[in-house]
Amino acid sequence: LLLAVEKPAEYAAVLLKRLLEARGVRIYGRARARHEAPPADDGSVVLAEHTSLPLAESIRVILKVSENLHAEMLLRTVARETTGTGSTEEGLKFAQEFFTSIGIAEDDVAIHDGSGLSRMNLITPRAAVTLLRYAAQQPWSGAFFAALPVAGVDGTLEHRMNGTPAEGRIRAKTGSLGSVNALSGYATTLSGTPLVFSMFGDKHNLRGRGGTDPLDAICVAMVEELGAPTKERK
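The structure reproduced in this document is the subject of the present report. (Residues numbered from 1 in each chain as written. Predicted model: local features only at pLDDT ≥ 70, side-chain atom pairs only at ≥ 80, totals over all residues. Heavy atoms only, no water.)

Comments concerning helix α4 (residues 88–101)
- Compared with the 20 Å implied by 1.5 Å per residue over 14 residues, the 20 Å span of α4 between its first and last C-alpha is a close match.
- Packing partners of the buried residues in α4 comprise α3 (68–83), β1 (109–110) and α5 (125–136).
- Positive backbone phi, at 95°, marks Gly103, one or two positions downstream of α4. (Helix = DSSP H or I, 4+ residues; strand = E, 2+ residues; numbered from the N terminus. Expected span 1.5 Å × (residues − 1). Contact = heavy atoms within 4.5 Å.)

This is how it looks when you write it as structure tokens:
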């Protein structure tokens, strides 16, 4: 059973305290977590370090299995790298400025976290398509494509669109909340035409496959019908 940890830093601090105490180390006071690295000259001693996965591999984890904690940490990492302060607020500010720089209208997107779990997050399909088209034109597009779930093959799309013409032809990120289902990404039609798409189903009372089947059906129709050569009229 996998569960999300609400406050991972505090959880790690408490766990470390318990492990040390179990091994005979006497600790006074309570466990606390520092969310900012101390200054280099404050006399602190590094007890342990952990090197994370390369960025491309971390992105793959986020997109393939929809790992929310990794997405939240990535937002803070971006803030740390660009401003020196690894806060959510700085990460969101950077993200909004980035959206504007690639042509997304300010009113088309509003984000409040890194994972997309906040009910206050808002985005239009137009904004999602603009972002996907931008990504497709970047030098790192190959790594991005490879990180997306593939219909009927792997990730969160492993058991969707199996045995249909869309199997293996859809690379897309899923999104699911109560009464909300989304799918955005890339398609290759039977005629070889590349497509960029974004679909949102919102405020419905459907459960399970009832919320995703309509999106999958549209994907199958896109692959079969769009981009096909025009038939000659007699």
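After that view, the rundown keeps rolling.
Focus: the environment of Thr100
- Here Thr100 is to be found in helix α4.
- Sequence separation of Thr100 and Thr174 is 74 residues, and the distance between their C-alpha atoms is 24 Å.

Points about unusual backbone geometry
- Notably, Ser66 is not glycine yet its phi reads approximately 60°, a positive angle.
- Here Ser66 is to be found in the loop between α2 (55–65) and α3.
- A positive phi angle, near 55°, is found at Lys203, a position not held by glycine.
- Considering the arrangement of structural elements, one finds Lys203 in the loop between β5 (194–202) and α7 (209–225).
- Taking the relative accessible area as the measure of exposure, Lys203 reaches 76% and is therefore exposed. (Buried < 20%, exposed > 50% of the residue type's maximum accessible area, 1.4 Å probe, protein only.)

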